[in-house]
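Architecture and fold: a report
Take a look at the letters that make up each chain.
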Amino acid sequence: MMIKVTVLFFASARELAGASECVVELEEGARTIALRAAVAKRFPLAKELIADVTLALNEDYVEIDADPELKDGDTVALIPPVSGG
């Protein structure tokens, strides 16, 4: 069975992806690491950035070391590191 997860792109992730959001289909039981891989494959220009973004799952930040399971209808925001000075 497949699940659908909405991915929101912010800041430089949006620029590299050329989109503000997309829907990704994953196998049931997929985790955020699989989502990162699917998004990197779909948006190759954003591949390096996706490895370093902070994730927010349904508006709650995901711990750096965590890899939570995703459910159908979840929303994951990709939030790039802030830079500048």
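Now for a description of the structure that goes with this document. (Residues numbered from 1 in each chain as written. Predicted model: local features only at pLDDT ≥ 70, side-chain atom pairs only at ≥ 80, totals over all residues. Heavy atoms only, no water.)

1. Side note on the side chain of Asp 74
Keep this limit in mind: Think of it this way: any DSSP run of H or I at least four residues long counts as a helix, any run of E at least two long counts as a strand, and we number them from the N terminus. Classification of residues uses two cut-offs on accessible area relative to the type maximum, computed with a 1.4 Å probe and protein chains only: under 20% is buried, over 50% is exposed, and between them is partly exposed. Residues scored as positive are Lys and Arg, those scored as negative are Asp and Glu, and His as well as the terminal groups of each chain are ignored. By salt bridge we mean one thing: a side-chain nitrogen of Lys or Arg within 4 Å of a carboxyl oxygen of Asp or Glu. N or O atoms closer than or at 3.5 Å make up a polar contact, with two conditions inside protein: a donor-capable atom paired with an acceptor-capable one, and, for residues adjacent in sequence, both atoms drawn from side chains. Any two residues whose heavy atoms approach within 4.5 Å are treated as being in contact.
Tracing the backbone through its elements, the reader meets Asp 74 in the loop between β4 (60-61) and β5 (75-79). As a buried residue without a salt bridge, Asp 74 has its nearest oppositely charged side chain in Lys 71, at a separation of 6.0 Å. A distance of 2.9 Å separates the side chain of Asp 74 from the side chain of Asn 58, its partner in a polar contact. Contact partners of Asp 74, with chain neighbours within four places excluded, come to Lys 4, Val 5, Thr 6, Leu 57, Asn 58 and Glu 69.

2. Comments concerning helix α2 (residues 32-42)
The following threshold applies: In this context, the arc is that of the directions from the helix axis out to the C-beta atoms.
Every buried residue belonging to α2 is among Thr 32, Leu 35, Val 39 and Ala 40, and all of these are buried. Taken end-on, α2 shows its buried residues confined to a sector of 130°, consistent with a single buried face. Facing away from the buried surface of α2 by more than 90 degrees, the exposed residues are Ile 33 and Lys 41. At its buried positions, α2 is contacted by β1 (2-9), β2 (21-27), α3 (47-52), β3 (54-57) and β5.

3. A word on the nonpolar core
Going by this rule: Residues grouped as a nonpolar core are buried Ala, Val, Leu, Ile, Met, Phe, Trp, Tyr and Cys residues, joined through side-chain atoms within 4.5 Å.
Counting residues in each nonpolar core, the largest one holds 24 residues, and the members touching the most others are Phe 9, Leu 35, Val 39 and Leu 78. Secondary structure elements with two or more residues in this core: β1, α1 (11-17), β2, α2, α3, β3 and β5. Tallying contributions element by element places β1 first for this core, with 4 residues. Excluding residues that lie within four positions of it along the chain, Leu 78 makes contacts with Val 7, Leu 8, Phe 9, Phe 10, Ala 13, Val 39, Ile 50, Val 53, Thr 54 and Leu 55.

Honestly, it's all geometry; don't read function into it.
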